[in-house]
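Structural overview
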Amino acid sequence: MPTTADQTTLHVPQGPALGDAPSRPRPHTGRRARRGKRLLNRSTPYLFLLPALAFMGVGLLYPVCRSVWLSFQDWKLGMAPESAVFSGWENYLSLLRDPNVYTSTGVTLTFAFTVVVLEVLLGVALALLLERPIRGMSLFRTVFILPMMVAPVVVGLIWRFMYSEQFGILNKIAKAVGIGGVPWLSSQEMALTSVIIADVWQWTPFIFILAMAALQSLPASAIEAARVDGANTWQTIWHVKLPLMMPVIIIATLLRLIDAFKVLEVIYIMTDGGPGLSTEILSLHIYKTAFVSQQLGRASALSNLLLLIVLALSVALFVFSKARERQARKVAM
Amino acid sequence: MVEIVLENVAKRFGPISVIEGLNLTMRDNEFTVLVGPSGCGKSTTLRMIAGLEDVSDGEIYINGKPVSHLEPKERDIAMVFQDYALYPHMNVARNMSFALRLAHYDRAEIARRIEQVADMLGIRELLGRKPRELSGGQRQRVAMGRALVRDASTFLFDEPLSNLDAKLRTQMRAELALMRQRIRKNMIYVTHDQIEAMTLGDRIIVMSKGKIMQAGTPEELFKRPANKFVAGFIGSPSMNFFDAELASNDGPLAVVGDGFSLGLPLDAAGRLKAHRGRPITIGIRPTAFQVVADGQSAENAIRAPVVVSEYIGSNSIVMSEIGHTQVTIDIGSDAPIAVGESVQVRVAPEAIYLFDPATERVL
Ligand SMILES: Nc1ncnc2c1ncn2[C@@H]1O[C@H](COP(=O)(O)OP(=O)(O)OP(=O)(O)O)[C@@H](O)[C@H]1O
Ligand SMILES: [Mg+2]
């Protein structure tokens, strides 16, 4: 981005050693001055980035490093930090030996992939369905995206009440239709499904909004061309709309996947991981290891594993969006 | 046998009326050309026929059946869009084959058609590329190809050659004319290009501000324009118009204007009776002026000072000022005349068009 850099330097006062007027560089400058200026040119963007980088370093890098360090220590919560003992790979090895970790990983994978698949299918389908201008649609769209704006803790509470076996509205309805009470959160078989339903309720709107935006930015004339070419509604969706929406759908999916791996509050409030370990996702397991069993080193090791999974997904996202960008730039040229 | 009829078709976008009371019959196998200034509603008309826009009023009939309620795909129409409307995610071959694939043509047949049309349009080597990797003119040819591979009964072309260079355009025009003889289908063709309109069209429809000004064969429109608009629109360079006055009844049958006096054919006397002694607009095509050698006197001669001289090889176009009116004169293959000199031209009385200044109708 040479232009931006150039423009910026115009406003950067240059040192007296450069022998230049601050705002109007003379055409003939010495070699050293030129090199100094070029250096300044090149480093200016980074200078501007410095505060942000420093902030990130403290806010992000430090905790991560600390957690990596901690994962090699044997340290219980509540004991003096000096009492921490270096334990090598022991934390990681013990994780691998712990069947609960595998269960929890299984729950996390099941949860994350199920909710994301459901949310993407539902969100995209709804966007396609509600795309046509129907009266009252804008109101409906607004109502529809409300769940996303509710704080996770509140979402957990809402659903816990709705799922309540005695007072919950869902069981009232179930009884009214004659199904009888459903053990929404109290049975091992149902609990994960119930939690998944709540997450789908909360996050389908996210996919919906993005899919809607993607739909609205599709080239209208290509869709008209498909109609003239003999495509029916379904064929237009399948052969034209969806392929063109794909980049957005993929990004949205990855974003949701990353998020689904880290979900905590809603499940903590609804089931606290139970019954048994049936809804104990990794983040909850980490939380319990750290604050219930008070094994900080072990919890750190586990959270590093989770971080790795999420990191891998983030890299996938980054690589994909870079590739898109390159393609987009080609379009522009 | 396909006949398209537009009956009192109107189109409004909200409060804006774009098409008003359009009546039009396109007979079977006719090549109809729609011309008119930008924004006059040509694309809108095509889009209504295709079924992409609803008609606000009136009805469109294809083969005698009203089609207002029919989807585009039920109208058996192929269309070349003004903005190409290619599928961005499909390569050229897939863009062209899309309709055929939907209609379950077999692969060999699809391949055969694509090859044939791609050869005709000179886009064979582009078949593997995506639209974004093509130039504007290449995209336009692909858009054309996508329509031409189809078996539709009616083809709609919205300025399909507008983005091509002169040579390619001439070539494509010839290809179209050839294809036109091979497949007798209904074609409706929008263009700004006079030559395309005149050479391709069985019938030309001149539109202005959402109304039809005149419909007829190219020859009819050129020789017998119904009004000043058509007279000025058809023919290039356009017809010259002058404000003048028709000599009163006691004088000879002539028009007198600023800097000229021209006699009219005697047989016009009858229809001009009511206009004697009143203002009149006259029109003379640039090609209707004949150069008269200096010193030689001639009937209906005008001396025209040359303001701009454009020598374009086969002929010379001269801009002049007669009275206060800018005039374009085509002096044919004669040697170019220098600016500042003047030329003496004569106009045959039969070559003078007369218009009512109020209604702009031809007299
Ligand atoms: N969707 C729309 N909403 C409002 N006005 C429209 C719409 N589409 C077209 N118009 C108007 O209708 C008129 C006719 O447009 P149309 O595209 O048919 O013109 P055209 O004859 O094809 O012009 P061009 O030669 O520039 O392509 C224009 O004045 C345009 O502004
Ligand atoms: Mg148009």
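Report on the accompanying structure. (Residues numbered from 1 in each chain as written. Chains lettered and ligands numbered in written order. Predicted model: local features only at pLDDT ≥ 70, side-chain atom pairs only at ≥ 80, totals over all residues. Heavy atoms only, no water.)

What follows covers the sheet that holds strand S20 (residues 353–355) of chain B. Residues and elements named next belong to chain B. Spatial ordering of the open sheet is given by S13-S12-S11-S14-S20, a layout of five strands whose pairing is antiparallel. Taken across any chain shown, the strands that pair with only one partner, and hence form the sheet edges, are strand S13 (260–263) and S20. With direction set aside, neighbouring strand axes in the sheet form an average angle of 40°. The sheet contact formed by strand S11 (residues 240–246) and strand S12 (residues 254–257) spans three bridges and is antiparallel. (Pairing = 2+ DSSP bridges. Helix = DSSP H or I, 4+ residues; strand = E, 2+ residues; numbered from the N terminus. Axes fitted to C-alpha atoms, helices over the stretch in contact; angles between N-to-C directions.)

This part covers the interface of chain A and chain B. Residue-level contacts link 20 residues of chain A with 24 residues of chain B. Both faces considered, chain A and chain B share a buried interface measuring about 1,900 Å² in area, 61% of it formed by carbon and sulfur atoms. Interface area lost by chain A to chain B is led by Arg227, Val228 and Asp229 of chain A, which between them contribute 36%. Where chain A touches chain B, the interface holds three salt bridges. The salt bridge partner of Glu71 of chain B is Arg227 of chain A, with a shortest N-O separation of 3.6 Å. On inspection of chain A and its partner chain B, the count reaches seven residue pairs in polar contact (both at pLDDT 80 or more). When residues of the side of chain A that touches chain B are traced back to their parent elements, those giving at least two are helix H10 (220–228), helix H11 (233–261) and helix H14 (296–332) of chain A. (Contact = heavy atoms within 4.5 Å. Buried area = accessible area lost by both parts, 1.4 Å probe. Salt bridge = Lys/Arg side-chain N within 4 Å of Asp/Glu carboxyl O. Polar contact = N/O pair within 3.5 Å; in protein donor to acceptor, adjacent residues only side chain to side chain.)

In this structure the tally under the stated criterion is 16 aromatic pairs over all chains. A centroid spacing of 5.2 Å and a plane angle of 45° characterise the contact between Trp159 of chain A and Tyr163 of chain A, whose relative ring orientation is tilted. Separated by four residues within a single helix, Trp159 of chain A and Tyr163 of chain A lie in helix H7 (residues 152–163), roughly one turn from each other. In this pair, the class of Trp159 of chain A matches that of Tyr163 of chain A, namely buried. Considering the side-chain rings of Trp234 of chain A and Trp238 of chain A, the 6.0 Å spacing of their centres and the 20° angle between planes classify their relative orientation as stacked. Placement of both Trp234 of chain A and Trp238 of chain A in helix H11 is noted, with a separation of four residues, approximately one turn of the helix. Of the aromatic side chains, those joined through ring pairs into one cluster are Phe31, Phe155, Phe157 and Tyr189 of chain B. One residue, Arg146 of chain B, lies across the ring of Tyr87 of chain B, its end atom 4.8 Å from the ring centre. The positively charged end of Lys228 of chain B is found above the aromatic ring belonging to Phe241 of chain B, 5.1 Å away from the centroid. (Phe/Tyr/Trp six-rings, centres within 6.5 Å; stacked < 30°, edge-to-face > 60°. Buried < 20%, exposed > 50% of the residue type's maximum accessible area, 1.4 Å probe, protein only. Lys NZ or Arg CZ within 6 Å of the ring centre and 35° of its normal.)

Attention now goes to the coordination of the magnesium ion (ligand 2). All names here are of chain B. Within the protein, Ser43 (OG) and Gln82 (OE1) serve as the donor atoms for the magnesium ion (ligand 2), at 1.8 to 2.2 Å. With Ser43 in helix H1 (residues 42–50) and Gln82 in the loop between strand S6 (77–80) and helix H2 (92–102), the pair connects residues that are 39 residues apart, well separated along the chain. You can call Gln82 partly exposed: its relative accessible area is 38%. (Donors = N, O, S within 2.8 Å, 3.2 Å for Na, K, Ca; no water.)

Quick look at a nonpolar patch on the surface now. All names here are of chain A. A surface patch of nonpolar side chains, about 500 Å² in accessible area, is lined by Val153, Val154, Leu157, Ile158, Phe161 and Trp201. In terms of residue count, the dominant contributor to the nonpolar patch is H7 (five residues). Positionally, Phe161 belongs in helix H7. Phe161 sits in the exposed class, given a relative accessible area of 60%. (Patch = residues over 30% accessible without salt bridge, like charges linked within 9 Å, V, L, I, M, F, W, Y side chains within 5 Å. Areas by Shrake-Rupley, 256 points an atom, 1.4 Å probe, with all protein chains shown as cover.)

All names here are of chain B. Lining the immediate surroundings of ligand 1 are Phe13, Val18, Ser38, Gly39, Cys40, Gly41, Lys42, Ser43, Thr44, Gln82, Glu159 and His192. When the free accessible area of ligand 1 is taken as 630 Å², the share hidden by the protein chains comes to 61%. Here the residues of the shell around ligand 1 are counted per class, giving three nonpolar, seven polar and two charged. (Near = heavy atom within 4 Å. Nonpolar A, V, L, I, M, F, W, Y, C, P; charged D, E, K, R; others polar.)

In this section: the sheet that holds strand S16 (residues 301–311) of chain B. All names here are of chain B. Pairing is antiparallel across the open sheet formed by five strands, whose spatial order is S15-S19-S16-S17-S18. Sheet topology places strand S15 (289–291) and strand S18 (325–330) at the edges, where each strand pairs with a single neighbour. On average, each strand axis in the sheet is inclined to that of its neighbour by 45°, with strand direction left out of account.

To continue, consider the side chain of Asp356 of chain B. All names here are of chain B. Within the secondary structure, Asp356 sits in the segment after S20. Put simply, Asp356 is tucked away with no salt bridge, and the nearest opposite charge, on Arg278, sits 6.4 Å away. Once you skip the residues sitting within four places of it in the chain, Asp356 turns out to touch His275, Arg361 and Leu363. (Lys, Arg positive; Asp, Glu negative; His and termini not counted.)

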